[in-house]
Amino acid sequence: MKHLLSAADLSLAEAEGILDLAEQMQQVQTRPVKKLPALRGRTIINMFFEDSTRTRSSFEIAGKWLSADTINVSAKGSSTSKGESLRDTMLTLDAMGVDAFVIRHSSSGAVAQAADWVKAHVINAGDGQHEHPTQALLDAYAMRRHFRQLGSDGFAGKRIAIVGDLLHSRVVRSNVLLQRTLGGEVVLVAPPTLLPTGVETWGCEVTDDFDAVLGQADIVMMLRVQRERMAGGFFPTPREYSEGYGLTLERLQRLKDGAAICHPGPMNRGVEISSEAADAANSLVLEQVAAGVAVRMSVLYHILGGSDEGVNA
Ligand code: CP
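All values derive from a computational prediction rather than experimental measurement.

Right, let's get into the nonpolar core. Membership of the largest hydrophobic core comes to 61 residues, with the highest contact counts inside it found for Leu137, Ile162, Leu178 and Leu188. Sorting elements by how many residues they give to this core places helix H11 (residues 285-304) first, with nine residues. Among residues more than four places away in sequence, those in contact with Leu178 are Ala7, Leu10, Ala15, Ala136, Leu137 and Ala140. Membership of the second largest hydrophobic core comes to 26 residues, among which are Leu167, Leu214, Leu247 and Ala259.

Right, let's get into helix H1 (residues 12-28). In an α-helix, one turn spans 3.6 residues, which is why side chains three or four residues apart end up on the same side. Between its terminal C-alpha atoms H1 stretches 25 Å, which fits the 24 Å expected from 17 residues at 1.5 Å a residue. At Ala22, H1 shows its maximal bend, which comes to roughly 25 degrees. For H1, the full list of buried residues reads Ala15, Ile18, Leu19, Leu21, Ala22, Glu23, Met25, Gln26 and Val28. In this fold, the buried residues of H1 make contact with helix H2 (54-65), helix H5 (133-149), helix H6 (170-182) and H11.

Moving on, we get to the pairing of strand S4 (residues 121-127). When you tally the buried positions in S4, you get seven out of seven residues, the bulk of the element. Inspection of the sheet shows strand S3 (residues 100-105) paired to S4 by five bridges, in the parallel sense. Opposite Ile103, over in S4, you have Asn124 as the bridge partner. Read as a crossover between parallel neighbours, the route from S3 over helix H4 (residues 110-117) to S4 is right-handed.

Take the sheet that holds strand S5 (residues 159-163) next. Taken in spatial order, the five strands line up as S7-S6-S5-S8-S9 in an open sheet, and their pairing is parallel. Across the chains shown, the open sheet's two edge strands, defined by having one partner strand only, are strand S7 (205-207) and strand S9 (260-262). The sheet shows a mean angle of 20 degrees between the axes of neighbouring strands, direction not considered. Taken together, the five bridges between S5 and strand S6 (residues 185-189) define a ladder with parallel strand orientation. Paired with Val163 across the two strands is Val189, which belongs to S6. Relative to the sheet, H5 contacts S5, strand S8 (219-222) and S9, its axis offset from that of S8 by approximately 150 degrees.

Turning our eyes to something else, we now look at the sheet that holds strand S2 (residues 69-74). Here four strands make up an open sheet; going across it, the order is S2-S1-S3-S4 and the pairing parallel. What marks the edges here is a single partner per strand, and that holds for S2 and S4. Each neighbouring strand pair of the sheet contributes to a mean axis angle of 15 degrees, computed without reference to strand direction. Pairing of strand S1 (residues 43-48) with S2, which is carried by six bridges, proceeds in the parallel orientation. Its bridge partner lying in S2, Asn46 is registered against Asn72. Its contacts with the sheet place helix H3 (residues 86-94) against S1, S2 and S3, and it is angled at close to 160 degrees to S3.

Another point: the site of the ligand. All residues in the neighbourhood of the ligand are listed as Ser52, Thr53, Arg54, Thr55, Arg104, His132, Gln135, Pro264 and Gly265. Separating an oxygen atom of the ligand from a side-chain N or O atom of Ser52 is a distance of 2.6 Å. Thr53 places a main-chain nitrogen or oxygen 2.8 Å from an oxygen atom of the ligand. In isolation the ligand exposes 260 Å². Once the protein is present, 91% of that is buried. Of the residues in the shell around the ligand, the class split is one nonpolar, six polar and two charged.

The N-to-C vectors of H1 and H6 enclose an angle of 105 degrees; their axes lie 9 Å apart at closest approach. Overall, the two elements H1 and H6 adopt an arrangement that is roughly perpendicular. Residues Leu12, Ala15, Glu16 and Leu19 of H1 form the contact with H6, whose own contacting residues are Leu178, Thr181 and Leu182. Grouping the amino acids of the contact of H1 with H6 by side-chain chemistry returns five nonpolar, one polar and one charged.

Let's shift gears to the side chain of His263. By the secondary structure assignment, His263 is in the loop between S9 and helix H10 (275-278). Classification of His263 by relative accessible area gives buried; the value is 1%. His263 has contacts with Met222, Leu223, Arg224, Glu272, Ile273, Val285 and Gln288, leaving out every residue within four places of it along the chain.

This part covers the packing of H5 against H11. The relative placement of two packed helices is expressed as an angle between their axes plus a distance between the axes. Running from N to C, H5 and H11 cross one another at 120 degrees; their axes reach a closest spacing of 8 Å. Viewed along their axes, H5 and H11 form a crossing whose handedness is right-handed. Taken together, the residues of H11 that come into contact with H5 (itself represented by Thr134, Gln135, Leu137, Leu138, Asp139, Tyr141 and Ala142) are Gln288, Ala291, Gly292, Val295, Arg296 and Val299. Here the residues of the contact of H5 with H11 sort into seven nonpolar, four polar and two charged.

With that settled, the discussion passes to H3. Buried residues of H3: Leu86, Thr89, Met90, Leu93 and Asp94, and no others. Looking down the long axis of H3, one finds its buried residues gathered within 125 degrees of arc, a one-sided arrangement. Here the buried face of H3 lies against S1, S2, S3 and H4.

What counts as what
Residues numbered from 1 in each chain as written. Predicted model: local features only at pLDDT ≥ 70, side-chain atom pairs only at ≥ 80, totals over all residues. Heavy atoms only, no water. Core = buried A, V, L, I, M, F, W, Y, C linked by side-chain atoms within 4.5 Å. Buried < 20%, exposed > 50% of the residue type's maximum accessible area, 1.4 Å probe, protein only. Helix = DSSP H or I, 4+ residues; strand = E, 2+ residues; numbered from the N terminus. Contact = heavy atoms within 4.5 Å. Expected span 1.5 Å × (residues − 1). Bend = angle between axes of the 7 residues up to and from the residue. Pairing = 2+ DSSP bridges. Right-handed = clockwise from strand over helix to strand, strands pointing away. Axes fitted to C-alpha atoms, helices over the stretch in contact; angles between N-to-C directions. Near = heavy atom within 4 Å. Polar contact = N/O pair within 3.5 Å; in protein donor to acceptor, adjacent residues only side chain to side chain. Areas by Shrake-Rupley, 256 points an atom, 1.4 Å probe, with all protein chains shown as cover. Nonpolar A, V, L, I, M, F, W, Y, C, P; charged D, E, K, R; others polar. Parallel < 35°, antiparallel > 145°, perpendicular 65-115°, else oblique. Left-handed = near helix turned anticlockwise from the far one by under 90°. Arc of directions from axis to C-beta.

These values are about where atoms sit, not about what they do.
Below, the structure written as structure tokens:
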């Protein structure tokens, strides 16, 4: 695999291979010495042109635990703040002999564009409202573990409700694409104002009635209301949004037996998810965070491990 730009890039064998290796990588998390030699001598630059807590820190930890040299570059503090173009920035860093770039950018398509300019491998860490493939992989990892704990394997027959601000979400796009490969049945739930154009072509059931799907879902994945991307009035007030589309305490009590709650974070507690739901025994939120390191170790290993193909060296 040269790059990971979209969840659609992954075949079933590749996606399952990443999830399976992540199971082994997660064992490193519990060791006193969290270090494997797998990527010794490799250099990874994490380029985050948009804010991040989970993705940036987990990619950095993942690279370090695999013994790669990891360097962080952000817009503030780099020459992009002096007006240098993304292309010139990428060509400059690529010329230093970097092996891989992990890139987050606010423009949809910017990461794929960057991949065309450089010789190094590129991993999409979230581009605008487009995609966030490693988030979908870590979501799948956490869901798969949950299903296995309940004694079932695989995604076939599993109903995954993804609820909330679908319009601005790159997480939903990557999850829909990955579940198309893994076999889960995705149901999309949002008010009509927060549905993306063309959602009817995504091959998923779409509804504005959260209560109608609540009791049938094996996973309820709540999405953050992305107020920073909202210029207009997409809903009257946060309270009314929560009444229609929030996972409130009352809705939490109506989930199907064995259902689990996911949220990619960061969470708006009291808006799309109540504290009772976020912190519930069946919430996978912190499992998702933990999975982020293991899955990103696995992705880095799949892309960089044991092959010089396509690398600057
Ligand atoms: N889920 C996610 O991408 O979180 P961050 O923005 O904190 O990286």
